[in-house]
Every structure is written in structure tokens, then in C-alpha cells.
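# Breakdown of the fold
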Amino acid sequence: MDAIILQILNGLDKGSAYALIALGLTLIFGTLGVVNFAHGALFMIGAFCAVTLSKLLNASYTTIDESRTDFLGNPLKVEQPYVIDWFGPEVGAAIIDWSVPLAILFAIPVMILIGVIMERGLIKHFYNRPHADQILVTFGLAIVLQEIIKFYFGANPIPTPAPDAFTGSFDFGQVIGFDANQIIYPYWRLVYFAFAAVIIGAVFAFLQFTTFGMVVRAGMADRETVQLLGINIDRRFTIMFGLAAAVAGLAGVMYVPINPPNYHMGMDFLVLSFVVVVVGGMGSLPGAVAAGFLLGILESFASMGAVIDLLPGINQIIIYLVAIIILLTRPRGLMGRKGVMEE
Amino acid sequence: MSKSHLTRRGLLKTSAIAGAGVAMPTIFTASSASAFTNEPTGGTVTLGFNVPQTGPYADEGADELRAYELAVEHLNGGGDGGMMNTFSSDALQGNGILGKKVEYVTGDTQTKSDAARASAKSMIEKDGAIMITGGSSSGVAVAVQALCQEAGVIFMSGLTHSNDTTGKDKRANGFRHFFNSYMSGAALAPVLEANYGSDRKAYHLTADYNWGYTTEEAIVSSTEAMGWETVNTVKTPLTQTDFSSYIAPVLQSGADVLVLNHYGGNMVNSLTNAVQFGLRDKMVNGKQFEIVVPLYSRLMARGAGENVKGIFGSTNWHWSLQDEGSKAFVKSFGEKYGFPPSQAAHTCYVQTLLYADAVERAGSFQPCAVVEALEDFEFDGLGNGPTLYRAEDHQCFKDVLVVKGKENPQSEFDLLEIVEKTPVDQVTYAPDHPQFAGGSLGTCNNGG
């Protein structure tokens with residue numbers, strides 16, 4: 001029982017990341033009809049927004065400490081962050097410590113801008129081209145973005161920890177009456193899950209309760225009619241692309257303390273997120289979220305020792321197995337509209 | 001006056017015979033002393049540096065390449081000579097190798113066996129490389145070593161830690177300076193016993209590929225020999241990025257030590273996740289929970305940041321060593337590039353010097369002569385103390401460093417501290433040890 005609760009919890013944070021990326025993917029597919037293989041790269045760029053801010057906050061000047069020596073025996077150069085000088089040791093250290101949450105503010109405008117530039121500069125030229133062309137160009141774009149990041153940040157992962165207040169883990173088991181240490185869960189992963197829930201809620205509220213959202217939903221259902229009514233739906237869809245980029249970017253920012261980011265992290269999530277979108281139903285927002293959590297939890301269960309003993313290798317194929325079953329039995333996905341991905 | 005009857009058939013016959021005649025010398029001299037693959041004829045000799053320039057190990061590959069460039073500079077008489085001044089053999093004079101100026105070409109292994117083989121093949125066939133060296137993965141090392149054996153060139157492996165490189169996949173033309181999984185286990189076990197006691201329950205997470213298996217086997221057998229119990233061994237996919245679902249069940253198993261048989265990105269993520277789960281703050285079976293990382297790489301430990309503090313592992317070499325060889329190498333590398341070299345850079349630099357030295361001593365670039373010069377070669381002054389290149393399996397035997405993540409690092413390079421230098425006798429094994437059984441060196445190949 002405790003093992004089951006543990007794996008459900010484990011699935012939640014992974015599911016949160018899948019859901020956030022898949023939400024953006026399906027939003028873009030639903031509005032612009034584009035299959036965006038560069039979406040994983042947006043997640044990765046979001047993560048590097050956090051790294052960049054952390055580096056900016058750690059920007060230092062060098063002082064020479066004569067009393068200590070470096071590896072060559074020369075006087076040691078000591079780095080002193082400007083932030084500490086400007087705000088004093090306590091506030092300065094706290095700002096550096098909280099760089100990841102602060103990066104949310106930094107990432108939103110950056111990601112929206114990147115999203116809009118991507119859409120206006122490249123992707124809009126591919127609206128009327130076959131999906132295969134869109135996949136090729138966006139996949140190519142993803143590789144270019146990845147290489148740019150690698151050029152500036154190197155290939156190794158860059159540790160960017162969560163604020164000290166969130167280190168360690170929460171003994172969930174004790175709260176619900178199990179022995180100590182049976183069900184533990186890191187605080188930051190709880191934060192990640194809550195954050196994802198807030199973002200998902202905000203996106204739904206935006207689409208459901210604002211006029212802008214209403215027009216976008218109308219455009220998703222029948223683009224031509226909305227255009228005939230004299231509404232510039234293209235501009236709204238561009239903004240939606242920026243929004244989807246921001247959602248993926250924020251998912252990346254907050255993911256940084258869970259695993260140190262490297263240039264390749266977007267690709268690791270991209271394929272899984274596509275499976276999530278297909279399982280949830282192409283173009284269906286609730287489908288993407290539900291499938292994200294579902295597959296996250298399933299993946300966690302499949303990596304339990306008892307399950308692997310029974311079905312060796314299941315942990316590596318479970319997600320694709322589900323995708324195959326869904327595509328065979330219900331090609332439109334769990335919550336997809338009738339006709340999408342169906343003959 | 002003779003009459004010539006030049007017919008089509010006659011011409012074909014004549015040219016076939018002439019063709020065979022032209023081809024004959026190479027067919028018949030392939031095994032002779034004078035002709036072998038890419039025999040250098042001009043005033044230069046070309047070495048092939050096959051390192052990961054793209055992909056997840058690109059930073060380690062870049063450090064290897066820096067070391068190779070430094071080695072070439074020193075061999076050609078440039079710079080301060082580095083470890084050539086401390087090397088116990090004095091065959092190298094700083095005038096290239098056998099008087100020929102050393103040049104090099106590079107290939108990108110991408111840390112993929114097929115890409116690594118393709119780049120090695122191209123360096124041998126197109127660029128005339130006489131020796132191939134480098135790499136940052138055992139899968140690549142084993143694949144390229146087999147290719148070099150077939151092609152008749154020497155392979156001086158870079159960073160490869162799997163037992164198989166000089167175990168079941170060993171080849172006569174291949175040589176490894178780096179240490180291996182068995183040695184890590186043998187060196188770590190006594191230190192673990194001294195620090196954590198002999199009554200421990202270990203849980204292993206193991207990368208699901210060749211290197212992971214041999215490391216798990218080595219650590220399990222050496223820790224069980226001192227009384228530890230192995231609670232569980234779980235294979236994790238190489239592509240795994242989030243290890244939470246593998247780490248969460250560790251505490252439930254009753255284990256009080258977690259062994260992470262992971263390298264590179266896997267190690268960074270699994271260690272980060274384990275620390276996030278607060279494993280190191282827990283008390284299990286009345287003992288403090290501990291984590292062990294059998295193979296440390298300083299470059300990659302950087303990715304795990306603070307999380308490495310206090311965690312034991314092993315390493316082939318570390319820049320803080322105070323022997324003359326290490327100091328000379330750190331000085332020339334540090335002055336050229338501005339930071340200390342990694343263990344990958346060290347092993348690659350040493351391998352290049354060892355190859356050049358063997359050629360000088362053999363008086364020939366011929367692979368079989370080089371093999372003979374390297375076999376059972378004993379040397380010192382290259383950073384690891386007295387070292388033997390054992391003839392039976394072409395593995396170097398030297399002291400092994402047990403290290404620990406440093407509690408109070410002084411700089412970004414100062415991540416590991418040396419806890420113990422395990423003497424070579426303690427990590428030496430018989431060539432037919434079960435962990436290395438199967439496979440044989442075969443005979444050296446000169447190609448041609």
C-alpha cells in the first residue's frame with residue numbers, strides 16, 4: 001500500500017512536467033494546426049532562463065586573496081558577487097538563494113518573445129504545408145536551439161539548486177499513519193506539482209473566462225467563420241503561441257532544481273510529451289493534462305521492482321505500449337474530438 | 001623482326017598478370033618487418049584523436065583533446081615538456097617520434113559505437129593515422145579497439161572503466177592505462193568498511209549497459225566479501241533522466257547504503273535525486289544512511305554541485321596529487337588552459353607519451369614491435385607512481401585513488417579530496433579472474 005502511494009506521488013511531478021509541455025503542444029496544434037517539434041527546446045530554454053538568471057545574480061568581481069593559493073601556487077582569486085555588495089550579505093545571499101523562483105518573472109517575457117519570434121519568423125510560413133514539412137522544420141529548429149545553448153553553456157549539466165528552505169523531504173507517510181521514512185517526498189517536487197496545477201488552472205481560466213480566450217476557442221472550432229466576422233484571428237493565435245512557449249518555459253524553469261539542466265533535456269521530454277498529446281487527443285487541452293498525469297503515474301508504477309520482476313523491461317516501454325493501444329482502439333485519443341487523427 | 005599480335009584477349013591476360021605482379025609485394029609483405037598499415041614515409045607521423053566532440057560527454061572530450069594537443073606540443077619539443085621531464089624512460093627527446101614531427105587528426109565519437117568506428121576508420125584510411133586514441137565510454141572503447149585490431153593499428157584507449165575492455169573484449173593491438181571496475185571495488189571496499197562498518201545493507205542502482213554490469217559485479221563481490229549484504233540490484237535505463245521512482249523504494253527496502261553505478265548525466269541526476277529525497281539525512285537500522293559513487297569524474301561531479309559532499313568514490317588520477325609527474329602535468333596544462341586537467345585529460349596525455357616512448361624504444365612504428373615494447377613495460381613519473389603494463393591483458397596496474405566529495409571546496413575545481421591511495425598489490429588480480437574471463441588477446445596485427 002505504501003509503495004503504491006509512493007509511486008502515485010512520484011508520478012505527480014513527472015506528470016506535471018508532461019502535462020505542462022503537452023498543454024502547450026496541443027494548444028499550438030489546436031490553434032495553428034502545427035505539429036511543433038521545437039516545443040521540447042522551449043522547455044529547455046526555460047530551464048536555461050533560470051540558469052542565466054542564477055549566473056547573472058552570481059556575477060562577481062575578482063579580488064586577490066594573498067593568504068591562499070590556487071592550484072598553480074599563485075595567489076587565489078576570490079569571486080565576490082555584486083549582489084552581496086549592493087544589498088548586503090544577508091539580503092544578497094537570499095536573492096541568490098531564491099534565483100530559481102525569481103527566474104519565473106524573468107522567463108515569462110523572454111519566453112513569450114521567443115515564442116512570438118519563432119512563430120512570426122519561421123513557423124507561419126509552414127501553415128499551409130503538410131505536417132511532415134512542419135515536423136522537419138521544427139525538429140531542425142530544435143536542434144539549432146540545442147546547439148546554441150550547448151555553445152554558450154557547454155554539454156555538462158549545470159547545478160542550479162532550489163532555495164534552502166525547500167531542501168530535504170516531507171515524510172508524507174507519517175501524516176497518514178505509516179512508519180517514518182516509508183513515504184517520503186522532496187519538498188521541491190511538491191512545489192513543482194502545486195506550481196503546475198496553478199499554471200494549468202490559469203491557462204484554462206484564461207481561455208474560459210476572458211473574451212480573448214473565447215475568441216481563441218471559437219477560432220479553434222471554426223477559424224474561417226471567426227475571420228469572416230472581421231476578427232484578426234492570426235494575431236491572437238500568434239499570442240497563443242507565445243503563451244504556449246511561456247508555459248513550456250515555466251515548466252523548464254521550475255524543473256531545474258529537480259535535475260540539473262543540460263542542452264539535451266528538451267529532447268528527453270519531447271517524445272514523451274507527444275505521446276501524451278496523442279493519448280490525450282490532439283488538440284484537446286483537458287486530454288493533454290489528464291494524459292500527462294496518467295502517463296507520469298503509469299511510468300512510476302512500471303519502474304517498481306515487483307512490476308519489473310514480473311515483466312522485465314516494462315519500465316522502458318510502458319508509455320509507448322499505452323500509445324499503441326490507444327492508437328489502435330481509439331485513434332482520436334482519450335478526449336480528442338471526433339475526426340481528429342481518424343479517417 | 002618480331003611480329004606483334006596484340007589481341008583483346010591477350011591484352012587482358014597480360015594486364016591481369018601485370019596487375020597480380022604489382023599487387024604481389026603488398027600481399028606477400030604484409031607480415032614482413034617493413035610494411036604495415038600507414039607506415040610513415042615522410043618527415044611526419046599522424047596520430048588519430050577520437051574523442052566525443054558532440055553529445056553528452058563533449059566537455060570531457062574537449063578536455064581530452066586539450067591534453068592531446070599538449071602531448072603533441074611536448075613530443076615536438078614545444079612548451080615546458082610536461083611529464084616528459086619526469087617520465088622514468090628517457091627515450092623521448094622532444095624531436096617528435098623517431099625524428100618525425102608529430103601531427104594529428106581528430107574524429108568525433110559522439111559517444112556512439114558506430115559513429116566512433118566510422119571516425120576511426122576515416123582517420124586510418126583517409127588521413128593515414130598510425131595510432132588511434134581517446135574516448136569517454138567503454139562501449140566506444142571496445143568497438144574502436146576491435147576496429148583497430150582488424151585495421152592493424154595501435155589503439156591506446158582513453159577513459160574506459162569497464163572490466164571488459166581488458167577482459168573478455170581485450171585485443172592484442174589495444175592498451176588501457178585507465179583503471180577498471182574491479183580495481184574500484186577492491187580499492188573502495190576497505191575504505192567503506194573503515195568508515196561505515198562491516199554490517200551494512202546495500203541497494204544498487206545500475207546503469208543498464210556493459211559498464212554498469214561490470215561495476216555492479218565488482219562492488220557487490222568486494223563489499224560482500226567484507227560482510228555487507230546486497231539487498232537489491234536494480235537496472236535503470238541509460239536514457240533515464242529522473243530517478244525518483246527508483247530512489248523512492250530504497251528506504252522501504254531496509255537498505256542503509258545506496259550504491260550508484262552510474263556515470264555522466266545518469267550519475268549527476270541520480271545523486272541529485274537521492275539527496276533531494278533526503279536519503280543522507282535518514283537513520284536506518286540505527287545507522288546513518290550513506291551513498292557511494294564507485295566511479296567519480298570531477299568534470300561531472302561539478303554538475304551535481306553540493307550533492308557530492310562527503311560521498312566516497314574512486315578515481316584514476318586527481319590534479320591535487322603531489323608527485324613530481326602530476327605537478328609537472330598540472331603546471332603545463334594549467335598554464336596553457338587556465339584550469340587543472342581532468343582524469344580523462346591525464347590518461348589521454350599519458351597514453352600518447354607511452355605510445356611515443358614505445359615506438360622510440362622499439363625503433364619502429366610497426367604495431368607488433370610497439371606491442372612488444374609496451375608489454376610488461378614498467379615505468380614511473382607519469383602521475384600514478386610505479387606502473388606496469390601487464391602483457392597478459394594490456395592493462396596498467398598502479399595505485400588507485402579513493403576520493404570523497406570535499407566539504408569545504410576552495411575553488412570550482414576543488415571538489416574531491418583524496419582519502420586513500422590504495423596500493424597496487426591490493427587491486428591486482430589474476431589475468432583469468434572470473435570478472436575478466438573469456439576472450440583472448442589474439443595475435444598482434446600489422447595490417448598492411
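The numbering scheme is per chain: residues are counted from 1 as the chain's sequence reads. Ligands are numbered from 1 and chains lettered from A, in the order in which they are written. With the structure being a predicted model, the display of local features is reserved for residues of pLDDT at least 70 and the display and counting of side-chain atom pairs for 80 or more, all residues being used for whole-chain, interface and lining totals.

Numbering of helices and strands runs from the N terminus; a helix is a DSSP stretch of H or I covering at least four residues, while a strand is a stretch of E covering at least two. When helices and strands are counted, chain A shows 14 helices and four strands. Two things to know: the radius of gyration comes from C-alpha atoms, and the globule rule equals 2.2 Å times the number of residues to the power 0.38. In summary, chain A has a C-alpha radius of gyration of 22 Å against a globular reference of 20 Å for 343 residues, a match within 12%. Principal-axis analysis of the C-alpha atoms places the extent of chain A at approximately 75 × 55 × 35 Å. For the exposure call, what matters is how many other C-beta atoms sit within 10 Å of a residue's own: 20 or more marks it buried, 12 or fewer exposed, and in between partly exposed, using C-beta atoms placed from the backbone. Out of the 343 residues belonging to chain A, those deemed buried represent 45%. Any residue pair is listed as a contact if its two C-beta atoms, each placed from the backbone, are within 7 Å. Once local pairs closer than 6 in sequence are excluded, the contacts in chain A between residues at least 24 apart make up 73%.

All names here are of chain B. For the domains described, the bounds stem from an automatic or database domain assignment. Considered domain by domain, chain B is made up of domain 1 (3–179 + 319–393 + 431–436) and domain 2 (182–315). One C-alpha centre belongs to domain 1, the other to domain 2; they are set 34 Å apart. Broken down by secondary-structure element, the contributors of at least two residues to the side of domain 1 that touches domain 2 are α2 (58–75) and α4 (138–151). For the side of domain 1 that touches domain 2, the element with the most residues is α2, which contributes three residues. Partitioning the side of domain 1 that touches domain 2 into residue classes produces three nonpolar, eight polar and four charged. Charged means Asp, Glu, Lys or Arg here, nonpolar means Ala, Val, Leu, Ile, Met, Phe, Trp, Tyr, Cys or Pro, and polar covers whatever is left, Gly included.

Time to look at the interface of chain B and chain A. Taken residue by residue, the interface counts 40 residues in chain B and 37 residues in chain A. Of the residues forming the side of chain B that touches chain A, the biggest block, seven residues, is contributed by helix α7 (residues 244–252) of chain B.

Let's shift gears to helix α7 (residues 187–209) of chain A. Given the number of residues in a helix, its expected span is that number minus one, multiplied by 1.5 Å. For α7(A), which comprises 23 residues, the first-to-last C-alpha distance of 32 Å matches the rise-based estimate of 33 Å (1.5 Å per residue) to within 8%. When we look at burial in α7(A), the residues that qualify are W188(A), R189(A), V191(A), Y192(A), F195(A), A196(A), I199(A), I200(A) and V203(A). Summarising the contacts, the buried residues of α7(A) are in contact with α1 (2–32), β4 (184–186), α10 (233–255) and α12 (285–302) of chain A together with α8 (265–276) of chain B.

Moving on, we get to the environment of L192(B). All names here are of chain B. Take L192: it is sitting in helix α5 (residues 181–196). The sequence separation of L192 and V292 amounts to 100 residues, and the corresponding C-alpha distance is 8.8 Å. The contact partners of L192, leaving out residues within four places of it in the chain, are T223, V292 and F312.

In this section: the environment of L250(A). Residue and element names in this part refer to chain A. Along the polypeptide, L250 turns up in helix α10. Taking the C-beta count within 10 Å as the criterion, L250 has 25 such neighbours and is therefore assigned buried. The sequence separation of L250 and I108 amounts to 142 residues, and the corresponding C-alpha distance is 7.3 Å. If we skip the residues at most four places from it in the chain, L250 touches G46, I104, A107 and I199.

As a further point, take the sheet that holds strand β8 (residues 257–261) of chain B. All names here are of chain B. Strand pairing is assigned whenever DSSP detects at least two bridges linking the two strands. Judged by pairing direction, the sheet is mixed, and its seven strands sit side by side in the order β7-β6-β8-β11-β12-β16-β17 without closing on themselves. Two strands lie at the open edges of the sheet, namely β7 (229–236) and β17 (416–422), each paired on one side alone. Neighbour-to-neighbour, the strand axes of the sheet open up by a mean angle of 25°, direction not taken into account. Every axis in this analysis is a line fitted to C-alpha atoms, fitted for helices over the stretch in contact. Angles between the N-to-C directions lie between 0 and 180 degrees. Strand contacts of α5: β8, β11 (290–295), β12 (312–315), β16 (400–405) and β17, with the helix running at about 150° to β12, the strand carrying the most contacts.

All names here are of chain A. Interaxial distance between helix α11 (residues 265–280) and helix α14 (residues 314–329) falls to 10 Å at its minimum, and their mutual angle equals 30°. Comparing their axes, α14 and α11 come out roughly parallel. Crossing of α11 against α14: the hand is left-handed. Residues L272, V275, V278 and V279 of α11 pack against I319, Y320, V322, A323, I326 and L327 of α14. Angles below 35 degrees are treated as roughly parallel, those above 145 as roughly antiparallel, those between 65 and 115 as roughly perpendicular, and all remaining angles as oblique. We call a crossing left-handed when the near helix sits turned anticlockwise from the far one by less than a right angle, and right-handed when that turn is clockwise.

Okay, the packing of α1(A) against α7(B) next. α7(B) packs onto α1(A) with a crossing angle of 150° between their chain directions and a minimal axis gap of 10 Å. By the angle between their axes, α1(A) is roughly antiparallel relative to α7(B). Crossing of α1(A) over α7(B) shows right-handed handedness. Here D2(A), A3(A), L6(A), Q7(A) and N10(A) of α1(A) come into contact with α7(B), specifically with S244(B), S245(B), A248(B), P249(B) and Q252(B). A per-class count over the contact of α1(A) with α7(B) returns four nonpolar, five polar and one charged.

What follows covers unusual backbone geometry. A positive phi is found at T111(B), a non-glycine position, where the angle reads about 55°. Inspection of the secondary structure puts T111(B) in the loop between β2 (101–108) and α3 (113–125).

The next subject is the pairing of β16(B). All names here are of chain B. Counting buried positions along β16 gives five out of six residues, so the element sits mostly inside the fold. Here β12 pairs with β16 via four bridges, running antiparallel. Paired with G313 across the bridge in β16 is V403. In this structure, β16 lies alongside β17, joined through six bridges in antiparallel fashion. The residue of β17 that forms the bridge with K404 is E417.

In this section: the nonpolar core. L23(A), V247(A), L258(B) and L353(B) are the most contacted members of the largest nonpolar core, which has 220 residues in total. The residues that make up this core include at least three from each of domain 1 (3–179 + 319–393 + 431–436) and domain 2 (182–315) of chain B. Ignoring any residue separated from it by four or fewer positions in sequence, one finds L353(B) in contact with A71(B), M83(B), M84(B), F87(B), L92(B) and L382(B). What we call a nonpolar core is a set of buried Ala, Val, Leu, Ile, Met, Phe, Trp, Tyr and Cys residues whose membership is set by joining through C-beta atoms within 7 Å.

A few words now on the confidence of the model for chain B. Caution applies to low-pLDDT parts of the model: their predicted coordinates are not meant to be read in detail. Residue and element names in this part refer to chain B. The score called pLDDT rates the predictor's confidence residue by residue, from a low of 0 to a high of 100. Overall, the prediction assigns chain B a mean pLDDT of 90, with 92% of residues at 70 or greater. Predicted confidence for residues 21–34 stays below pLDDT 50, and this span has ten contacts to residues more than four positions away or in other chains. Interface confidence for the predicted complex, given as ipTM, is 0.80, next to a pTM of 0.84.

What follows deals with the sheet that holds β2(B). Residue and element names in this part refer to chain B. Here five strands make up an open sheet; going across it, the order is β2-β1-β3-β4-β5 and the pairing parallel. The outermost strands of the open sheet, each flanked by one partner alone, are β2 and β5 (174–175). Here three bridges tie strand β1 (residues 44–51) to strand β3 (residues 131–134), and the two strands are oriented parallel to one another. Following the sheet pairing, G48 is matched in β3 by I132.

Another aspect to go through is helix α12 (residues 367–374) of chain B. Residues and elements named next belong to chain B. Counting buried positions over the eight residues of α12 gives six, a clear majority of the element. In this structure, the buried side of α12 is in contact with β4 (154–157), β5, α11 (343–362), β13 (377–379) and β14 (387–389). Taken from the residues just after α12, D376 is the one with a positive phi, measuring 60°.

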